[in-house]
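Overview (structure and organization)
These are the residues of each chain, in order.
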Amino acid sequence: QVQLVESGGGLVQAGGSLRLSCAASGRIFSSYAAGWFRQRPGKVREFVARINFSGSSTYYADSVKGRFTISRDNAKYTVYLKMNSLKPEDTAVYYCAGKPRSATVATDEYDYWGQGTQVTVSS
């Protein structure tokens with residue numbers, strides 16, 4: 001069993017930056033792929049970014065490409081999402097997720113989820 005805990009959310013002005021962290025319990029997480037997803041008000045949960053177990057491969061949604069960076073530190077069992085040039089439309093609850101084997105963009109393919117952290121971007 002893997003437990004994930006997100007942190008780092010908050011209120012920021014448009015154009016600002018935040019770094020989200022996702023701390024995992026258990027060293028097995030270092031062999032898992034990870035993803036960040038978000039749920040905007042009134043919308044379904046959507047893919048943001050994903051990273052493979054080693055950190056050598058990443059992929060982003062078009063809406064965040066060039067602004068967000070996903071990374072991981074397997075020695076700390078932690079995955080990060082650095083968000084720059086934030087826009088009001090980035091306002092959402094952000095979730096991290098983990099799964100064995102390959103990283104994907106599909107929400108329903110992830111086995112473990114954190115509780116989410118709120119990011120609010122004011123205009």
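Our structure is the block above this text.
One structure accompanies this document, and this report is about it. (Residues numbered from 1 in each chain as written. Predicted model: local features only at pLDDT ≥ 70, side-chain atom pairs only at ≥ 80, totals over all residues. Heavy atoms only, no water.)

1. Focus: the overall build of the protein
Looking only at helices and strands, one finds zero helices and 11 strands in the protein. Listing every helix and strand of the protein by position from the N terminus yields β-β-β-β-β-β-β-β-β-β-β. The C-alpha radius of gyration computed for the protein amounts to 13 Å, which stays within 12% of the reference 14 Å derived for 123 residues, consistent with globular compactness. Overall, the C-alpha framework of the protein stretches about 40 × 25 × 25 Å when taken along its three principal axes. Counting only residues that meet the buried cut, the protein has 46% of its 123 residues in that class. Restricting to contacts in the protein with at least 6 residues of sequence separation, those with at least 24 account for 57%. Just so you have it, the protein exposes about 6,100 Å², and 48% of that area is on carbon and sulfur atoms. (Helix = DSSP H or I, 4+ residues; strand = E, 2+ residues; numbered from the N terminus. Rg over C-alpha atoms; globule rule 2.2 N^0.38 Å. Buried < 20%, exposed > 50% of the residue type's maximum accessible area, 1.4 Å probe, protein only. Contact = heavy atoms within 4.5 Å. Areas by Shrake-Rupley, 256 points an atom, 1.4 Å probe, with all protein chains shown as cover.)

2. Some words on the packing of aromatic side chains
Two descriptors summarise a pair of aromatic rings, namely the distance from one centre to the other and the angle between the planes of the rings. In this structure the tally under the stated criterion is eight aromatic pairs. Where phenylalanine 37 meets tryptophan 113, the ring centres are 5.0 Å apart and the plane angle is 55°; that geometry is what we call tilted. Of the two residues, phenylalanine 37 sits in strand β4 (residues 32–39) while tryptophan 113 sits in strand β10 (residues 112–113), which places them 76 residues apart along the sequence. Exposure remark for phenylalanine 37: the relative accessible area of 0% places this residue in the buried category. Members of the aromatic cluster, connected to one another through ring pairs, are Phe37, Phe47, Tyr59, Tyr95, Tyr110 and Trp113. Seen from the ring of tryptophan 113, arginine 45 lies directly overhead, with NZ or CZ sitting 4.8 Å from the centre. (Phe/Tyr/Trp six-rings, centres within 6.5 Å; stacked < 30°, edge-to-face > 60°. Lys NZ or Arg CZ within 6 Å of the ring centre and 35° of its normal.)

3. Looking at the nonpolar core
The biggest cluster of nonpolar side chains holds 35 residues, and the ones touching the most others in it are Trp36, Leu81, Met83 and Tyr94. Contributing elements (two or more residues each) for this core: β3 (18–24), β4, β5 (46–51), β7 (68–73), β8 (78–83), β9 (92–100) and β11 (117–122). (Core = buried A, V, L, I, M, F, W, Y, C linked by side-chain atoms within 4.5 Å.)

4. Concerning the side chain of threonine 117
Mapped onto the elements of the fold, threonine 117 is located in strand β11. Contacts of threonine 117, omitting those with residues within four sequence positions, involve Glu6, Ser7, Gly8, Gly9, Leu20, Ala92, Val93 and Tyr94.

5. Focus: the side chain of arginine 38
Counting through the fold element by element, arginine 38 comes out in strand β4. Here the side chain of arginine 38 touches glutamate 46 through a polar contact of 2.7 Å, side chain to side chain. The contacts of arginine 38, once residues within four sequence positions are left out, are Val44, Arg45, Glu46, Val48, Ser63, Val64, Phe68, Glu89, Asp90, Ala92, Val93 and Tyr94. (Polar contact = N/O pair within 3.5 Å; in protein donor to acceptor, adjacent residues only side chain to side chain.)

6. A look at the pairing of strand β1 (residues 4–7)
Only one face of β1 is covered, namely the one carrying Leu4 and Glu6; the face carrying Val5 and Ser7 has none of its residues buried. Both β1 and β3 contribute to a ladder of four bridges, which runs antiparallel. Residue serine 7 lies in a different strand from β3, and its bridge partner there is serine 21. (Pairing = 2+ DSSP bridges.)

7. Some thoughts on the pattern of salt bridges
Evaluation of the coordinates by the stated rule reveals five salt bridges. The shortest N-O distance in the salt bridge between aspartate 90 and arginine 67 comes to 2.7 Å. Of this pair, aspartate 90 sits in the loop between β8 and β9 while arginine 67 sits in the loop between β6 (58–60) and β7; the two residues are 23 residues apart in sequence, bridging distant segments of the chain. Assigned by exposure class, aspartate 90 and arginine 67 land together as buried. The network of salt bridges with shared partners includes Arg38, Arg40, Glu46, Arg67 and Asp90. (Salt bridge = Lys/Arg side-chain N within 4 Å of Asp/Glu carboxyl O.)

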